[in-house]
Amino acid sequence: MAFESLQGVFSTVILLCAGIAALLGLIFVNKLFKKKSQQLDGIVLFTFSFLTLGYIALALGELTRFLLFSVFKQPPAISMPDLYWVVGGLSLLIAYVVFSVHLHRKYAESGKAVALAIISVAVLAVLLFYFSSVDFFSGTGTGEKFLGYYYPIISSLVLVASLSVYLYIGKVSTFKEGLLFFIPANIATLIGDMLYNYYNYMDYATQGIYGLVGMGADVLYVIGYALFAIGFLALFLKLKEIHES
């Protein structure tokens, strides 16, 4: 019961952190478009615009989830939050992939390409082990199976793409401080999605069991959204510093 009493608290904190991250991202992108300079090309604007759109979608998902499950007490099911989370994940992936491809084309280095390949294989191996170790998709519907695979896969792809950006972090020193917060945030989100999957498909949510698994997922989501918020704040302050100097 001690864990269950914390569930509502974590839902509120997740919603607040997600909302702050989306708001700070929106403020940062708005300043990008208002203060465009020679240092900021179209790829940068596109990347951060899609990142912000992604976090806005994720925040809307957290808001609708909070309203459905915490306010209206509806049982867990595939619903509107999942639509926002699916769109949000795709938006983040597009942003990171476009920026990653841009950096690889502009600063092509074979050693970093090999490093990215090794990272990709390692993440894929972890993902395959995860899916094969626990059969939590038996007896579920098509939609639930899709989302059960989608969330960890999209989070893994986002992580790999963001790590690709990290390999060239020295080339984007203007935004280095902010981008470095996004890497651990993406790691926290991926592990959180894995725990969230386990929590849902072992029927803990349906049975009203929160426990360590549910709390662990929520803690990781709080960490992830908080780091995203800090990252956008760091980006905003850096951009402000550039234009004031």
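Remember, predicted model here, so these are calculated numbers, not experimental data.

## Observations regarding the overall build of the protein
Summing up its helical and strand segments, the protein has 7 helices and 0 strands in all. When the elements of the protein are put in sequence order from the N terminus, they spell out α-α-α-α-α-α-α. Of all 245 residues assigned to the protein, the portion counted as buried reaches 46%. The contacts of the protein with a sequence gap of at least 6 include a subset with a gap of at least 24, amounting to 81%.

## A few points about the packing of aromatic side chains
Summed over all chains, the structure comprises 18 aromatic pairs. Geometrically, the ring pair formed by F28 and F175 is edge-to-face, given 6.3 Å between the ring centres and 80° between the ring planes. Separated by 147 residues along the polypeptide, F28 in helix 1 (residues 4-34) and F175 in the loop between helix 5 (142-167) and helix 6 (176-201) bring together distant segments of the chain. For the pair F28 and F175, a shared accessibility class is recorded, and that class is buried. These aromatic residues form a ring-pair network of at least three members: F28, F48, Y55, F175, F182, F228 and F232.

## Topic: the packing of helix 3 (residues 80-106) against helix 5
Contact geometry for helix 3 and helix 5: axes closest at 8 Å, N-to-C directions at 25°. Viewed along their axes, helix 3 and helix 5 adopt a mutual orientation that is roughly parallel. Crossing of helix 3 over helix 5 shows left-handed handedness. Class assignment of the residues belonging to the contact of helix 3 with helix 5 gives a composition of 17 nonpolar, 5 polar and 1 charged.

## So, the side chain of S11
With respect to the secondary-structure elements, S11 resides in helix 1. Excluding its chain neighbours within four sequence positions, the residues that come into contact with S11 are R65, F66 and S70.

## A look at empty space enclosed by the protein
Within this structure, the stated rule accounts for 3 cavities of 30 Å³ or more. The calculated volume of the largest cavity comes to roughly 370 Å³. Lining the largest cavity are 21 residues, with L58, T189, D193, Y221 and Y225 sitting closest to its centre. Elements that contribute at least two residues to the lining of the largest cavity include exactly helix 2 (42-71), helix 3, helix 5, helix 6 and helix 7 (211-244). Residues belonging to the lining of the largest cavity are distributed by class as follows: 12 nonpolar, 5 polar and 4 charged.

## What about the nonpolar core?
In this structure, F28, F48, L51 and L179 are the most contacted members of the largest nonpolar core, which totals 57 residues. Of all elements in the fold, only helix 1, helix 2, helix 3, helix 4 (110-133), helix 5, helix 6 and helix 7 reach the threshold of two or more residues within this core. Ranked by residue count, the leading element in this core is helix 7, at 11 residues. Look past the residues within four positions of L51 in its chain and what remains in contact with it is L92, A95, Y96, F182 and F232. Core analysis: the next-biggest nonpolar cluster, separate from the first, contains 8 residues, L127, Y130, I183 and M194 among them.

## Some thoughts on the environment of L239
Positionally, L239 belongs in helix 7. Taking the relative accessible area as the measure of exposure, L239 reaches 1% and is therefore buried. Along the chain, L239 and T174 lie 65 residues apart, while their C-alpha atoms are 7.9 Å from each other.

## Here's the deal with the packing of helix 4 against helix 6
Between helix 4 and helix 6, the shortest axis-to-axis distance is 12 Å and the interhelical angle comes to 10°. Judged by the angle between their axes, helix 4 and helix 6 are roughly parallel. Where helix 4 approaches helix 6, its residues V126, L127 and Y130 are matched on the opposing element by D193, M194, N197 and Y198. Here the residues of the contact of helix 4 with helix 6 sort into 5 nonpolar, 1 polar and 1 charged.

## Some points on the confidence of the model for the protein
Summary statistics for the protein give a mean pLDDT of 84 and a share of 86% for residues scoring 70 or more. For the protein, helix 1 is the element with the lowest average pLDDT, namely 87, and helix 3 is the one with the highest, namely 91.

How each quantity is defined
Residues numbered from 1 in each chain as written. Predicted model: local features only at pLDDT ≥ 70, side-chain atom pairs only at ≥ 80, totals over all residues. Heavy atoms only, no water. Helix = DSSP H or I, 4+ residues; strand = E, 2+ residues; numbered from the N terminus. Buried < 20%, exposed > 50% of the residue type's maximum accessible area, 1.4 Å probe, protein only. Contact = heavy atoms within 4.5 Å. Phe/Tyr/Trp six-rings, centres within 6.5 Å; stacked < 30°, edge-to-face > 60°. Axes fitted to C-alpha atoms, helices over the stretch in contact; angles between N-to-C directions. Parallel < 35°, antiparallel > 145°, perpendicular 65-115°, else oblique. Left-handed = near helix turned anticlockwise from the far one by under 90°. Nonpolar A, V, L, I, M, F, W, Y, C, P; charged D, E, K, R; others polar. 1 Å grid on protein atoms, 1.4 Å probe; cavity = no way out; pocket = protein on both sides within 12 Å on 5 of 7 lines; lining within 4 Å. Points joined across faces, edges and corners; volume = space filled by probe spheres on them. Core = buried A, V, L, I, M, F, W, Y, C linked by side-chain atoms within 4.5 Å. pLDDT = per-residue confidence, 0-100.

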